[in-house]
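Commentary on secondary and tertiary structure
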Amino acid sequence: MSILGMPLDAWILLLVAVGLGLGLEVAFVMARKRGRSESGGDAGSGRRDVGGAT
Amino acid sequence: MTSTTIIAVLVGYLCVLLGIGFWASRESGDLKGYYVAGKRLPSWVIAFSSNATGESAWLLLGLTGMGYAIGVHAFWVILGEVLGVACAWIFVARPFKEYTDRFDAITVPDYLTDRFRDKTHVFRWASAVIVLSMVMAYTAAQLTASGKAFDSFLGTGYTQGVWIGLGIVLFYTTVGGFKAVAYSDFVQGVLMLACLVVLPIAGVRAAGGFGEMFSTLDAADPALLRPMGEFGLGVAGIASASGFVAIGFAFLGSPQLLTRFMAARDQKQIVDGGLWAVICVIGFDVGAVFAGMAGRTLFPGLADPETVLPQMSTALFPAFFTGIFLVVVLAAIMSTVDSLLILASSAVVRDIVQKALGSEWSERKLSLVGKAVTVLMGLVGLAVALGEVRAIFYFVLFAWSGIACAFTPVVLCSLFWKRTTKAGAVAGMIGGFVVTVLWVVVFKERFYDLYEMIPGFAAGFAATIVVSLMTEPDAKAIAELEDVHRSVGPVF
């Protein structure tokens, strides 16, 4: 079976190749936006001196 | 007339790069300004510049050539790269940014030294050796591509093409530092994306549409439309597909890419930039593979598949756009070379001169030395490129995996496994690098040409984990890691 002349398994591979990473990223952005609106700001950007060797 | 148009486009582009160099020069007076742009970059700049740096001329000439030579089997590269970029931005970027901000680190060895409370500078020395050797190979390969691009588009001659490419990069890199590198990479990334959207559309259209293109490919070689290519679902096919996927692993921890996360203004830029980065790499890779497949339909029987992009641009577009395509190839080359030169310079000046040797020179003087080292590294790459004119992408993939296997397993363990120890990290760094080199030199041909990234990564992880389990971790380092993850918060 093929769509537009390209076999179905090739389309599935292309869809997975693009969709897996993109889906993860979209889920991450949505989770961060939800977290930001719940906490009223962005967390985890503070600087502290912790006695590193540098 | 044609040549005049192409030269006019090229001169316009080079003027933009020189302008960026001048504009950014105010911030290159100290080490933090020169190597991480004062940690003030916005999301869109780090997104496009990290992809432009990661892809190089390999994307435009190599991946289009793969689409031409192996068809849909190259989709495995897309899977690896899109997943690698997404995972880097989702999982690695924020804890890494949090750590490096806490330590005020500006290089990856800075980070490793602080993360493992190292007083011996072993990470700095090991990193310098690995980075300098790999950057030399990588830069030489890119300069070779520059010489070939100038020669094939404008007939400048190979040697002159190498000199012109290096001269431009050295100017804006030494004058403007990392800020110039990042912003010029942004411009170059946008150009590359535009090219890789337009080229396959024009190519597929010229081939008569998708149906016509696929049926022509099927008639030429049915393996071009099979996901496992000519190998089928056997050991050779799986080795080939997994090698292609592994190309994307490097996005998770190569220092030239991690530098972008360090240089971000704050973590919000990372959250906002991730989606841009993923969309950008999808456009890059899908565009390159489809352009290559369309090129196979239009120009069957090319002696060198990696010339398909110049062939298509010359045949399908007027001279002005041919100039744009030359600019885009140069953009891909320059956006990688500039970042590698800055990386090598930071390894010498920040990690060795300032930290390991304890120099008390002023920031201004160190910055000047950094610029001198940038020029020196460029000249070394030039000497190699002029002496060894062949096999661009062999060197690119080798250097890409050498740097990635030395750093990525160690960086990932250091960020996500609290049991990681200093001894384990050193073993992982050396083990990953040595196995990568050995695999290429001794074993690769005997094992289905399996890409060195896979054994290199396996060795890096194995050495880090085994040696860490045999040694005691630092209690303060464990507490620090837990605090970093608390501070960053959950991923989803």
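Given the structure is predicted, the values throughout are model-derived calculations rather than measurements.

1. With respect to the overall build of chain A
Along chain A, the regular secondary structure elements total 1 helix and 2 strands. When the elements of chain A are put in sequence order from the N terminus, they spell out β-β-α. Residues counted as buried form 26% of the 54 residues belonging to chain A. Approximately 3200 Å² of chain A is accessible, and the part contributed by carbon and sulfur atoms is 63%.

2. Quick word on the overall build of chain B
Along chain B, the regular secondary structure elements total 18 helices and 0 strands. A compact globule built from 492 residues should have a C-alpha radius of gyration of about 23 Å, and chain B, at 22 Å, falls within 12% of that. Here chain B holds 492 residues, and 64% of them are scored as buried. Of all intrachain contacts in chain B linking residues separated by at least 6 positions in sequence, the fraction that spans at least 24 positions is 85%. As displayed, chain B has an accessible area near 16300 Å², and 68% of this comes from carbon and sulfur atoms. Taking the 32 positively charged and 34 negatively charged side chains of chain B as two groups, their mean positions are separated by 7 Å.

3. Considering helix α14 (residues 363-387) of chain B
Residues and elements named next belong to chain B. For α14, built from 25 residues, the straight-helix expectation of 36 Å at 1.5 Å per residue is met to within 8% by its first-to-last C-alpha distance of 36 Å. When α14 is considered as a whole, its buried residues turn out to be L366, S367, G370, K371, V373, T374, M377, G378, G381, L382 and A385. Where α14 is buried, its residues meet α2 (31-36), α6 (122-154), α7 (158-206) and α13 (319-356).

4. Brief notes about the side chain of D185 of chain B
Mapped onto the elements of the fold, D185 of chain B is located in helix α7. Among all residues touching D185 of chain B, those that are not within four sequence positions of it are F48, S49, A52, T53, R260, S335, D338 and S339 of chain B.

5. Let's talk about the pattern of salt bridges
Any two side chains of opposite charge can pair if their charged atoms end up close together. All names here are of chain B. In the structure shown here, the tally under the stated rule is 16 salt bridges over all chains. For K32, the salt bridge goes to D104, with nearest N and O atoms at 3.2 Å. Taken together, the residues span a long stretch of sequence, with K32 in helix α2 and D104 in the loop between α4 (75-103) and α5 (108-115) at a distance of 72 residues. The partly exposed category is assigned to K32, whose relative accessible area is 25%. For D185, the salt bridge is made with R260, and the minimal N-O distance between the two is 2.7 Å. On the criterion of sequence distance, the pair formed by D185 in helix α7 and R260 in helix α10 (residues 255-263) is long-range, its members being 75 residues apart. Connected via shared salt-bridge partners are E98, R102, R117, E480, D483 and R486.

6. Some points on the packing of aromatic side chains
All names here are of chain B. Applying the stated criterion to the full structure yields 26 aromatic pairs over all chains. Taking 5.4 Å as the distance between ring centres and 90° as the angle between the ring planes, the aromatic pair formed by F320 and F321 counts as edge-to-face. Among the aromatic residues, ring-to-ring pairing joins W23, W44, F48, Y183, F186 and W276 into one connected group. Lying across the ring of W23, K179 places its NZ or CZ 4.3 Å from the centre. Sitting over the ring of Y68, R296 keeps its end group 5.4 Å from the ring centre.

7. Section: the interface of chain B and chain A
Taken together, the contact between chain B and chain A spans 51 residues of the former and 36 residues of the latter. In total, about 3600 Å² of surface goes out of reach between chain B and chain A, with carbon and sulfur atoms giving 66% of it. Together, F75, V271 and F492 of chain B form the three largest contributors to the area buried by chain B at its contact with chain A, with a combined 15%. Applying the counting criterion to the chain B and chain A interface returns 0 salt bridges. Counting every contact that joins chain B to chain A gives 2 residue pairs in polar contact (both at pLDDT 80 or more). Of all the secondary structure elements, the ones that give two or more residues to the side of chain B that touches chain A are α4, α5, α8 (210-220), α11 (267-298), α13 and α18 (475-488) of chain B.

8. Some thoughts on α4 of chain B
Every α-helix winds through 3.6 residues per turn, so residues three or four apart in the chain are directed the same way. All names here are of chain B. Compared with the 42 Å implied by 1.5 Å per residue over 29 residues, the 40 Å span of α4 between its first and last C-alpha is a close match. Roughly 45° is the biggest bend found in α4, and it falls at V92, with proline P95 one to four residues downstream. Positive phi appears at D104, one or two residues downstream of α4, with a value of about 55°.

9. Here's the deal with the confidence of the model for chain B
Residues and elements named next belong to chain B. Considering every residue of chain B, the mean pLDDT works out to 89; 98% of them sit at 70 or more. Element-level pLDDT for chain B is lowest in α2, with a mean of 82, against a maximum mean of 97 in helix α17 (residues 453-470). This complex was scored by the predictor with a pTM of 0.89 and an ipTM of 0.88.

10. Some details on a nonpolar patch on the surface
On the surface, a cluster of nonpolar side chains totalling about 740 Å² of accessible area is made up of M1, I3, L4, L8, I12, V16 and L20 of chain A together with F210 of chain B. Considering each element in turn, the nonpolar patch owes the most residues, 4 residues, to helix α1 (residues 8-39) of chain A. Relative to the elements of secondary structure, V16 of chain A occurs in helix α1. Look at V16 of chain A and you get partly exposed, because its relative accessible area is 39%.

11. Remarks on the side chain of T64 of chain B
All names here are of chain B. As for its placement among the helices and strands, T64 is situated in helix α3 (residues 43-70). A relative accessible area of 1% means that T64 is categorised as buried. Separated by 2.5 Å, the side chain of T64 and the backbone oxygen of L60 make a polar contact. When neighbours within four sequence positions are excluded, T64 is seen to be in contact with L59, A288, A291, G292, V308 and L309.

About the criteria used
- Residues numbered from 1 in each chain as written.
- Chains lettered and ligands numbered in written order.
- Predicted model: local features only at pLDDT ≥ 70, side-chain atom pairs only at ≥ 80, totals over all residues.
- Heavy atoms only, no water.
- Helix = DSSP H or I, 4+ residues; strand = E, 2+ residues; numbered from the N terminus.
- Buried < 20%, exposed > 50% of the residue type's maximum accessible area, 1.4 Å probe, protein only.
- Areas by Shrake-Rupley, 256 points an atom, 1.4 Å probe, with all protein chains shown as cover.
- Rg over C-alpha atoms; globule rule 2.2 N^0.38 Å.
- Contact = heavy atoms within 4.5 Å.
- Lys, Arg positive; Asp, Glu negative; His and termini not counted.
- Charge placed at Lys NZ, Arg CZ, Asp CG, Glu CD.
- Expected span 1.5 Å × (residues − 1).
- Salt bridge = Lys/Arg side-chain N within 4 Å of Asp/Glu carboxyl O.
- Phe/Tyr/Trp six-rings, centres within 6.5 Å; stacked < 30°, edge-to-face > 60°.
- Lys NZ or Arg CZ within 6 Å of the ring centre and 35° of its normal.
- Buried area = accessible area lost by both parts, 1.4 Å probe.
- Polar contact = N/O pair within 3.5 Å; in protein donor to acceptor, adjacent residues only side chain to side chain.
- Bend = angle between axes of the 7 residues up to and from the residue.
- pLDDT = per-residue confidence, 0-100.
- Patch = residues over 30% accessible without salt bridge, like charges linked within 9 Å, V, L, I, M, F, W, Y side chains within 5 Å.

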